[in-house]
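# Overview (structure and organization)
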Amino acid sequence: MLFQIAWRNIWRNKSRSLVVISSIIIGVWAGIFILSFSWGLYKNNINESVYKQLSHIQIHHPTFGEEKDSKFTIQNTNKIVKQFQSDNRIASVSSRVIATGMITSPTTASGVKIYGINPASEISQIALNKSVREGSYFDSGKANEILIGKKLAKKLKIKLKSKVVLTFTTVNSEIVSGAFRVGGIYKSKNISLDEVNVYVQQEHLRELLELKSSESHEIAILVKDEVQLDSIKNDSRTIVSEGKIEDWKELSPELGMIIESFNLYTYIISGIILLALTFGIINTMLMSVLERIRELGMLMAIGLNKRKIFIMIMLETIYLSALGCPMGLLVGWLTVAILGKTGINISMFSEGLASYGFSSMIYPALDQEKYIIIVTMCLITAVLSAIYPAYKALQLNPSEAIRKI
C-alpha cells in the first residue's frame, strides 16, 4: 500500500516532480560528461607520449639514464633488435643513438637532445614522418640532413636548407662539431619537446660520436596489446640481461600518476555535482512535506505510524531517483558514444594545450566502472537527501497538523 501511495504522491504535483527528475538527469549526465572529457584529455596525452615519443618499453645501459653520457651504450644492438622483431607480440622496434649538445645557427644557439635514428624504423615507431610540416622526411639521401622542430626553427631564426652546427662530446670525451642542413621542420602535439629534440641519420651521428656500428644508446619497443606489456618486459630480460628495461609508466611517472589518481578524481567531481543536486532534492522534498502537513497529520491521526510515514517519504525520493538516474545514464552514455567518435575540437586553445603535450581534438571516453560509480553515488545522494524532509515530517504533532491551514 505504501508503494502505491508514494507513487501517486510524486505525480500529484507533476511540475515539481519533473523538475527533480530533470535535475537528477542533468546531474548524472554532467558527471559522466566531465569525467569522460577529462579522461579523453588525459588518454590523448598518454597516447601522444607513448606512441609519439616514449614507446611502451625502452632499454638503456644501466648508467645511461643517470649520467646521460654517450659512452654508456648497448652492445650488439642489431642482434637484439632482430630478436625482438621475431616476437609476434611486438609491433615495432627501433634503436637510437643519443647525444646531448648545442645547436648553433648564424644568429643564436640552443641546447638540444640529438637523436640518431633509422628513418624507416621511426615511421612505424613514432610516426615521425607524419609530423613534418615543411620540407621532407630524410628524402634527400644526404648524411648531414637534420630534422628540427618548428618552435626551435623559430628560436634559431632559420628555415629549410639553412645550415646549422651541432656540437657535442664523443665517447672519448672530446668535443666535436658537425655541420648539418635543415631538410625538414616538424611540429608535434608537444611544443616543449619540439624545442629540444632534433633528429639526424643514425650512422652519421654514430661516426661523429666514434661508436661502433653495433652500439646504440636506446632500444624502443612498441607492443601490439598493452595487456601483454608486463610479460614482454619480463621476457626482455633474457635478451638484454645487463640493460635497464623500463616501461612507459616508469619512464614518465607523471603519466602513471594520472591513471592512479583518476579514481579519486572521479569521486571528487561526482561529489561536487551531487552536492549541488542534494540541496535541490532536499528543498523539493521539504516543500512537499510542508505542503502536506494537514494530510500527514490526518494519516497519523487515523493510525499510520511514524515509521510508515518515514518510509513513504523515502520511497517518493527513491522513485524520483529511480526514474532520473537511468535516464541520465542513458543520455550520458549516448553523449560519450557520439563524441567519442566525432571528437570535440578545442583548437582555439591549441597553443596552450600543445605546450603541455595535449591535442586540440579530444575524444571523450569512460570505463563501465565509472558509470556504475556515478549512478551509485547519485542513488545514495538521493536517499540521504530525503532523510531530513522525512525527519521533519516525523516531528509533526497530529492534533496541531490537522488544524494547519
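Up top is the structure these notes are about.
Below, the structure is looked at part by part. (Residues numbered from 1 in each chain as written. Predicted model: local features only at pLDDT ≥ 70, side-chain atom pairs only at ≥ 80, totals over all residues. Heavy atoms only, no water.)

### Examining the overall build of the protein chain
- Scanning the protein chain for helices and strands turns up 16 helices and 12 strands.
- Scaling as 2.2 N^0.38, a compact globule of 405 residues should have a C-alpha radius of gyration of about 22 Å, whereas the protein chain reaches 32 Å, well beyond that.
- When its C-alpha atoms are laid out on the principal axes, the protein chain stretches across 100 × 45 × 30 Å.
- Within the protein chain, the proportion of its 405 residues that are buried is 49%.
- Residue pairs at least 24 apart in sequence account for 77% of intrachain contacts in the protein chain once pairs closer than 6 positions are excluded.
- Taken as two groups, the 44 positive and 34 negative side-chain charges of the protein chain have centres that lie 12 Å from each other. (Helix = DSSP H or I, 4+ residues; strand = E, 2+ residues; numbered from the N terminus. Rg over C-alpha atoms; globule rule 2.2 N^0.38 Å. Buried < 20%, exposed > 50% of the residue type's maximum accessible area, 1.4 Å probe, protein only. Contact = heavy atoms within 4.5 Å. Lys, Arg positive; Asp, Glu negative; His and termini not counted. Charge placed at Lys NZ, Arg CZ, Asp CG, Glu CD.)

### Observations concerning the pairing of strand β7 (residues 175–186)
- Bridge count between strand β4 (residues 132–135) and β7: three bridges; the pairing is antiparallel. Of the residues in β7, the one forming a bridge with glutamate 134 is isoleucine 185.
- Two strands pair when backbone bridges link them, and strand β5 (residues 145–149) and β7 are joined in this way by five bridges, in the parallel orientation. Across the sheet, leucine 147 pairs through a bridge with glycine 184, a residue of β7.
- Pairing of strand β6 (residues 163–169) with β7 involves seven bridges; the strand directions are antiparallel. Residue leucine 166 lies in a different strand from β7, and its bridge partner there is glycine 178.
- Taking the residues that link successive antiparallel strands as the turn, the β6-β7 hairpin has five residues, and the phi of serine 173 there is positive, at about 60°. (Pairing = 2+ DSSP bridges.)

### Quick notes on the pairing of strand β1 (residues 57–60)
- The alternating pattern of β1 places Ile57 and Ile59 and Gln58 and His60 on opposite faces, both of which are buried.
- Relative to strand β9 (residues 218–223), β1 runs antiparallel, the two sharing three bridges. The residue bridging glutamine 58 from the neighbouring strand is alanine 220, located in β9.
- In this sheet, strand β10 (residues 244–247) lies alongside β1 in antiparallel orientation, the contact comprising four bridges. Among the inter-strand pairings, isoleucine 59 is bridged to a residue of β10, identified as isoleucine 245.

### A short note on a positive patch on the surface
- A surface patch of like charges, here positive, comprises Lys142, Lys161, Lys163 and Arg181.
- Considering the arrangement of structural elements, one finds lysine 163 in strand β6. (Patch = residues over 30% accessible without salt bridge, like charges linked within 9 Å, V, L, I, M, F, W, Y side chains within 5 Å. Areas by Shrake-Rupley, 256 points an atom, 1.4 Å probe, with all protein chains shown as cover. Salt bridge = Lys/Arg side-chain N within 4 Å of Asp/Glu carboxyl O.)

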